[in-house]
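Descriptive analysis of the structure
Each chain is listed here by its residues.
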Amino acid sequence: QVTLVESGGGVVQAGGSLRLSCAASGGTFSDYAMGWFRQAPGKDREFVAVINWNGGTTDYGDAVKGRFTISRDNTKNTVYLQMNSLKPEDTAVYYCARLPGLQITPRVASNWGQGTQLTVSS
């Protein structure tokens, strides 16, 4: 059973930066791709970023492309989301997800974390 725990959320001003972390336990971390998704109030959960098993392949949602960077450290069983040039519309609960295989598709989650809140003030 894989458990995912996100951290690093908070309140930041527009234009600022923040880094989210997601620590995984259970299973072998390098056996699967990882992703970040987000959900704003009243909206559907949205794809943010994915990274394959060794960090060699990444992909981003159009809303965050060029501003966010996903990375992973397999020695620490942790995936990160570096968020720069934050906008008020980035405000959401951010969820870490384990994907079912080594690669970044399909973008479906086998496991979810509990989420961490990001609020970007204008």
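Pairing in this open sheet of four strands is antiparallel, and the strands run β1-β3-β8-β7 from one edge to the other. In the strand order of this sheet, the two ends are held by β1 (3-7) and β7 (68-73), each with one partner. Shown here is a sheet whose adjacent strand axes are inclined to one another by a mean of 15°, direction ignored. Of the strand pairs in this sheet, β7 and strand β8 (residues 78-83) are connected by six bridges, and their pairing is antiparallel. Looking at β8, one finds that R72 is bridged to V79.

So, about the packing of aromatic side chains. Applying the stated criterion across every chain yields a total of four aromatic pairs. On the numbers, 6.0 Å between centres and 80° between planes, the contact of F29 with Y32 is edge-to-face. Accessibility expressed as a relative area gives 4% for Y32, which makes it buried. With a centroid separation of 5.1 Å and 75° between ring planes, the pair formed by F37 and W112 is classed as edge-to-face. Linking F37 in strand β4 (residues 34-39) with W112 in strand β10 (residues 111-112), this pair joins segments that are 75 residues apart in sequence. When its relative accessible area of 7% is taken as the criterion, F37 is described as buried. Aromatic rings pair up to connect F37, F47, Y95 and W112 into one cluster. One cation-aromatic arrangement involves R98 over Y32; the distance from NZ or CZ to the ring centre is 4.8 Å. Over the ring of F47 we find R107, and its NZ or CZ is 3.9 Å from the ring centre.

The rules behind these values
Residues numbered from 1 in each chain as written. Predicted model: local features only at pLDDT ≥ 70, side-chain atom pairs only at ≥ 80, totals over all residues. Heavy atoms only, no water. Pairing = 2+ DSSP bridges. Helix = DSSP H or I, 4+ residues; strand = E, 2+ residues; numbered from the N terminus. Axes fitted to C-alpha atoms, helices over the stretch in contact; angles between N-to-C directions. Phe/Tyr/Trp six-rings, centres within 6.5 Å; stacked < 30°, edge-to-face > 60°. Buried < 20%, exposed > 50% of the residue type's maximum accessible area, 1.4 Å probe, protein only. Lys NZ or Arg CZ within 6 Å of the ring centre and 35° of its normal.

Honestly, that's just the spatial picture; any functional story needs more than this.
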